[in-house]
Structure formats: C-alpha cells, structure tokens
Amino acid sequence: MSETDRTYGPAALAGASEGTGGVSRRRFLTGIAGTACSVALLGMGLTLYSRSASTTAPNAIRPPGALDEDGFLASCVRCGLCVRDCPYDTLKLAQLGEAVAASGTPYFIAREIPCEMCDPIYCVLACPTGALDPALTDIDEARMGLAVVVDQETCLAFQGMRCEVCFHVCPVKGDAITLEQRHDRRTGVTSSFVPVVHSDACTGCGKCEHACITEEAAIKVMPTHLAKGHLGEHYRFGWIEQQRAGGEMLAPYDKEHEFHLPEGVRYEWFGEGLIIDDPGVPAEPPPADPIDTLNEGLEGLDGGTR
Amino acid sequence: MAGHDKTKPFHPGASAVEQFGWLRAHRFLLLRRLCQAGVIGLFLLGPLAGIWIVKGNIASSLTLEFLPLTDPYILLQSIFARHWPEATGFIGAAIVLVFYLLVGGRAYCSWVCPINPVTDAAAWLRRRLRVTSKTSLHRNFRYWILGLTLVLGTATGMMMWEPVNPVTTVFRGLVFGMATATWLVLLAIFLFDTFLARRGWCGHLCPVGAFYSLPGLVSPVRVSAVQRDRCDNCMDCYAVCPEPQVISPALKPKGSNDKGPMIVSPNCTNCGRCIDVCSKDVFAFRIRHPGHSPSHHQQPATTTEVSS
Ligand code: SF4
Ligand code: SF4
Ligand code: SF4
Ligand code: SF4
Ligand code: SF4
C-alpha cells in the first residue's frame, strides 16, 4: 500500500508516546508546527476570500426582512427556498464568481424584476433560518433599500414634464413618493411636479426604478446604507427639538433673557416676527451705542464705570 | 501481502466480475449512483417539470410542503457565526442528523454528495494512469479545517465554509444553474485528486465529510469483514476504498488489536464498494448493536445480517 497514514493532528498526540527518542519527537514537533502553519495560512486565506467575495453590488437588493448584511451572512444557508416561493421570480441566488452578492445568497435587481410586495410575504415565510426575519409580517414595514432620484438632469419631472410614472406605480404612493410642486424656472410661468422619496415609508421594492421610462432609470433603489446619510450623533435640528420640547426653543424660565429687545417689543420665531406690544406708544428708539442695549440692567455690576 | 502483478493493467474487481458477473460486482456502486442522481433529480423535477416534490437545495429543503431538512453542519456554522436559527432550521437539522446517526454518517458522502462521483472518477483515472504521486497531507487535516471553519465563524461573524464549500456550491449549481466558476471548482478537485493526492479532497480536506463522520461514530449500519478468513490478499478492496486505512483493523488486525471484523472507523463511507469488488465475498453490511462497544476486543460486536 502506498497509502501512509501519518497523523499529525490530535491523534498524533496518542502516537507520540510510542516514539523512541528524539527522532520521532522531532518528527512529531515538525508535524505539529507544519499543521499549525497550514491551518493558520488556510484560516487567513479563508477569511480574506470570504470577506472579498461577500461584497454586495449597489444594485443588488436583498429580499424583504433580510437581516443587515453581517447578520445575513451569518444566517442565510443559501438554500433558495425564498427564491422558489417568490411568485414573481423576483429573487435569484448569486452564483459563484458573480460579483453581485456572496455566492449562493438571494438578491434581486429592481430594474429587471422588482419586488411586488406580497401579502403574505411568501419569501419570508419560506425562509427556514430567520435570515429573512419572520417578525416582518406587514410588507409596508419592509426596508429592502431606499429609492433615490439619482439623476435630476434626466428625470423628466425635473424638466417640467408631467411624467410621474414612478409616483403612480409606487405601492405606497403618497407616503413613499410624493410629488412636490415647484416653480419651473425654465418657462417662468408653469409648475413642475417632482418626485420626492421619503425614507420613513419607502420599502425599497424597486417598482419605481423598474417603471422609470428613461433608458437608464433616473430613480434607483439602493441598499439603505448607500442611499441614506447620517447626521452626527451630536447634531440637533433646532426646529425638531423645539417641537419635541412642546414648542419652546428654550426652557421657559430663560424666556425673558432670550433676546435683548427694547422694552415692549417681543420677537416670535415662525410667527409674526417683531411684535410691538402697545402700538400706541412708539418703541423706544435704539440707543446710539448698541452696546448699551446689551448692557441694559447690568449697570452697577462693575462698579458703575459705564 | 500478495500484491497484484505490476506488469499487467490493474483492474480491482475484475475477479469479482468473473466470479459473480458484472452487475453483482457493481451493485452498490450502481445503487449509489442511482441514489445520487435520484436526489438531484428530485430537486430538478420542480424547476424542469414543474413537479414540486422537493424545494430548495441540499443546504436546506422542504419536501411535500411539510418535511423540512437542513444540513446540520451549515446550521452549526450559522450558530458559530452567532446567529440563532429559527425552529424550522433546527427541526430540519435534527431530522438529518438522526438519519445519518442511523445509516452511518459518511453515507452522506457516498450516497448523496455530488462531489463523490467526481472524486470517484478521479480515483479511477488515477488507477488507470498509475499515478503514484504522494502527498504530505494527512487524513486528520480535515478535522482541523472543520474546527477552523467554526472558530473563524465566531471571529468574523460569517459562515466560513459556505463561501467556498464545493459540495453545496455544486449542488446549488445543479439545481439553480451552474456558473463557469463552479465547473472550474469541480475540475480543480478532479485534477487535484487525479494527479496530486490520492483521494486528496474527500479523504484529507473536506470538512463536510469530516463533520458527517461524527454521527458515524455510533451509527448501527456498518460494513463488516464477516468472512475475513477467506481473504486471499488480492488487495482489491484497498484499491477501491476511498478510506483504505479503515479496512485493516477489521480485515487484518495485528494480534491483540483484533476488535472484531466490523469496520468501526467513522470514516468508512458505507459505500459498499469493498463488498462489490471482493471475489471471496468477505464483506457485508451488518448492524452494530448498541451496548456492545467495539473496544471490548474479547467480545466482537454482535452483528445481524442485513444484506448478503
Ligand atoms: S415580497 Fe413577494 S415579490 Fe417580493 S421578494 Fe418576496 S415573494 Fe418575491
Ligand atoms: S430562504 Fe432564507 S436561508 Fe434560504 S436562501 Fe432565502 S434567505 Fe437564505
Ligand atoms: S422603492 Fe419606489 S416604488 Fe417601492 S416603495 Fe420605494 S418609492 Fe415606492
Ligand atoms: S468528503 Fe466532502 S466532498 Fe467528499 S463525498 Fe464527503 S462531503 Fe462530499
Ligand atoms: S471500507 Fe468498504 S464501505 Fe467502507 S469506505 Fe471502504 S470500500 Fe466503502
């Protein structure tokens, strides 16, 4: 038999004790070292390959309910049951070597066949592993991606034409896409109605991209992390904070120090602006030196030098 | 050991063909090919003929809309990658595991796996071409790879073998469409096994086979060299066996190491090819009775005849 059954693995530990002297011990140790090196190299290779072969193309959209990409690569067993149960042949399994998504994982290309937003959600029901989250039962809550009007230079609506095809095919129209009336600066007299996508309602189904009548779609669905920006955590929009605080920009006790306005004059944001409480009495004319206004009420604090 | 005549072409099984006829000397081989083709055929009935008996692929499937099956190794990769699968996945994996606990873990390899016909073909060609290249790979390396895929899964949070697993990639390709790259992977395995390492892929590297060998540690269905005293040292079984190291302890035990004629190594794939090619009818499938540990070497494991 040409087959020699050398064992350097865990079983080698058992065999080592039978060895006589240094030669077999050296062989054993070289064997272990060799195995360790190969395993380490293999591990590095596997990791590098798996990482690089797991990028998802920007036009490849995961099925509804798919966990985020990391979670998906940990959970999808690449069985294609979701593909089989999709009544519209929307979903496909990525093939080995195809630079679209990790080999064997399901995706769809909206421009080819978009998701029809089934109810019940057949693909999610078919998934045996939870890679498509079974907690998703209302397809309107799906966030497969996000539609973006990527090219205002070719979108017909932006040119002032009444296209609006994307708006009309949208299964959540009115919420996911709205039409916004704008003054058409080209004609100067007419209005244009441009599509605006709202991330709080767009499911990423891709019907808009599929239907866009231009040769290359002017509206495209992208994975949310590509389509969506993110404010820094420290960022606050004043008007939103104001709403949250019940309409007050600042805490009420601070209110009177809000502005150093002349007596009898108030200022209201988003309201009337400057309000002069008693129009009968003319407002005190502004002092010649504006610093005096700022220092109003502070007289005497610094020893009365002002 | 009386080897075969090195000057003549070597056809292991030729004397069994002479003795019993071609069909009987290939019965398990034929049954296995039928089984492998049948499994793929069942999956293809849906997409090709619209008859949906089985959906999905070998990684996870649904039969007749109620029987879920999931590959337990893939599910394990998922768990190691820190995902807790849904109940359907667990139930499917449990059913598969119980099945292979019964029929012999690596029966998966010889009766189901789509790579097996390719590596078998490579082994055949290698014999015909008398390729004698040796490799420094050792048969335990697959267990290192098995462990590596799981541990790396936890480190990276991804399933680590599925991106490269030729078993599932090829099966998925057969059912969902073969990519060029998948053909190339098959070709690579074929060439590797033919010219670089005897039974290199399945016998040394594949962690899927390594995983399935584990239920084989206890599975009752085993091959046994029941009539080992009739062995005439033709070496045909060693030549065809994908894991020849498993035969010796049962067929030719050394002195006090005799633990009975049953092949207890979990790496025996239950392919039955040794039964096919033995002109002395030494081997047969037997049932290993629970409770009789094969390590009691005074008492060979009790056996029951299940097949001639
Ligand atoms: S929701 Fe329906 S159309 Fe969309 S991917 Fe799932 S099964 Fe297919
Ligand atoms: S059904 Fe689930 S596990 Fe199977 S391919 Fe689809 S997403 Fe992946
Ligand atoms: S992808 Fe397009 S059609 Fe689908 S919900 Fe979003 S805006 Fe509407
Ligand atoms: S060792 Fe791996 S490739 Fe070979 S038959 Fe078994 S599962 Fe298939
Ligand atoms: S011992 Fe026999 S049944 Fe087991 S793998 Fe070898 S040839 Fe196949």
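This is a predicted model, so every value here is computed, not measured.

Caption draft 1: Up close: the overall build of chain B. Tallying secondary structure elements over chain B gives 14 helices and five strands in all. The C-alpha radius of gyration computed for chain B amounts to 20 Å, which stays within 12% of the reference 19 Å derived for 308 residues, consistent with globular compactness. The principal-axis extents of the C-alpha atoms in chain B amount to approximately 55 × 45 × 40 Å. For chain B, buried positions account for 51% of its 308 residues.

Caption draft 2: Up close: the side chain of Arg 78 of chain A. Looking at where Arg 78 of chain A falls in the secondary structure, it is placed in the loop between helix H3 (69-75) and helix H4 (81-85). Although Arg 78 of chain A lies buried, it forms no salt bridge, and the closest oppositely charged side chain, Glu 162 of chain B, sits 5.6 Å away as judged by the N-O distance. From its side chain, Arg 78 of chain A meets the backbone oxygen of Ser 103 of chain A in a polar contact 2.7 Å long. Leaving out residues up to four positions away in the same chain, Arg 78 of chain A has contacts with Leu 73, Leu 93, Ala 102, Ser 103, Gly 104 and Thr 105 of chain A together with Asn 57, Glu 162, Pro 163 and Arg 172 of chain B.

Caption draft 3: Layout of the environment of Cys 202 of chain A. All names here are of chain A. Mapped onto the elements of the fold, Cys 202 is located in the loop between strand E6 (191-197) and helix H7 (207-211). Between the C-alpha atoms of Cys 202 and Gly 174, which are 28 residues apart in sequence, the distance is 10 Å. Contact partners of Cys 202, with chain neighbours within four places excluded, come to Ala 142, Arg 143, Gly 145, Leu 146, Ala 147, Ala 176 and Val 197.

Caption draft 4: How the structure looks around helix H6 (residues 116-129) of chain B. Residues and elements named next belong to chain B. Counted at 1.5 Å a residue, the expected span for H6 with its 14 residues is 20 Å, and the 20 Å between its end C-alpha atoms agrees. For H6, the set of buried residues is Asn 116, Val 118, Thr 119, Asp 120, Ala 122, Ala 123 and Arg 126. Close packing links the buried residues of H6 with helix H2 (27-49), helix H5 (107-111), helix H9 (180-196) and helix H10 (200-205).

Caption draft 5: Structural view of the interface of chain B and chain A. Each partner contributes to the interface: chain B provides 53 residues, whereas chain A provides 45 residues. Summing both partners gives a buried area of about 4100 Å² for chain B against chain A, and 66% of it is carried by carbon and sulfur. Among the residues of chain B in contact with chain A, Trp 144, Met 158 and Phe 176 of chain B are the three that bury the most area, contributing 13% of the side total. At the junction of chain B and chain A, the tally comes to one salt bridge. Taking the shortest distance from any N to any O, the salt bridge between Asp 85 of chain A and Lys 55 of chain B comes out at 2.7 Å. The interface formed by chain B and chain A holds 12 residue pairs in polar contact (both at pLDDT 80 or more) in total. Examining the composition of the side of chain B that touches chain A, we find that seven residues originate from one element, helix H7 (residues 141-156) of chain B, more than from any other. Classifying every residue of the side of chain B that touches chain A by side-chain character gives 26 nonpolar, 20 polar and seven charged.

Basis of the calculations
Residues numbered from 1 in each chain as written. Chains lettered and ligands numbered in written order. Predicted model: local features only at pLDDT ≥ 70, side-chain atom pairs only at ≥ 80, totals over all residues. Heavy atoms only, no water. Helix = DSSP H or I, 4+ residues; strand = E, 2+ residues; numbered from the N terminus. Rg over C-alpha atoms; globule rule 2.2 N^0.38 Å. Buried < 20%, exposed > 50% of the residue type's maximum accessible area, 1.4 Å probe, protein only. Lys, Arg positive; Asp, Glu negative; His and termini not counted. Salt bridge = Lys/Arg side-chain N within 4 Å of Asp/Glu carboxyl O. Polar contact = N/O pair within 3.5 Å; in protein donor to acceptor, adjacent residues only side chain to side chain. Contact = heavy atoms within 4.5 Å. Expected span 1.5 Å × (residues − 1). Buried area = accessible area lost by both parts, 1.4 Å probe. Nonpolar A, V, L, I, M, F, W, Y, C, P; charged D, E, K, R; others polar.

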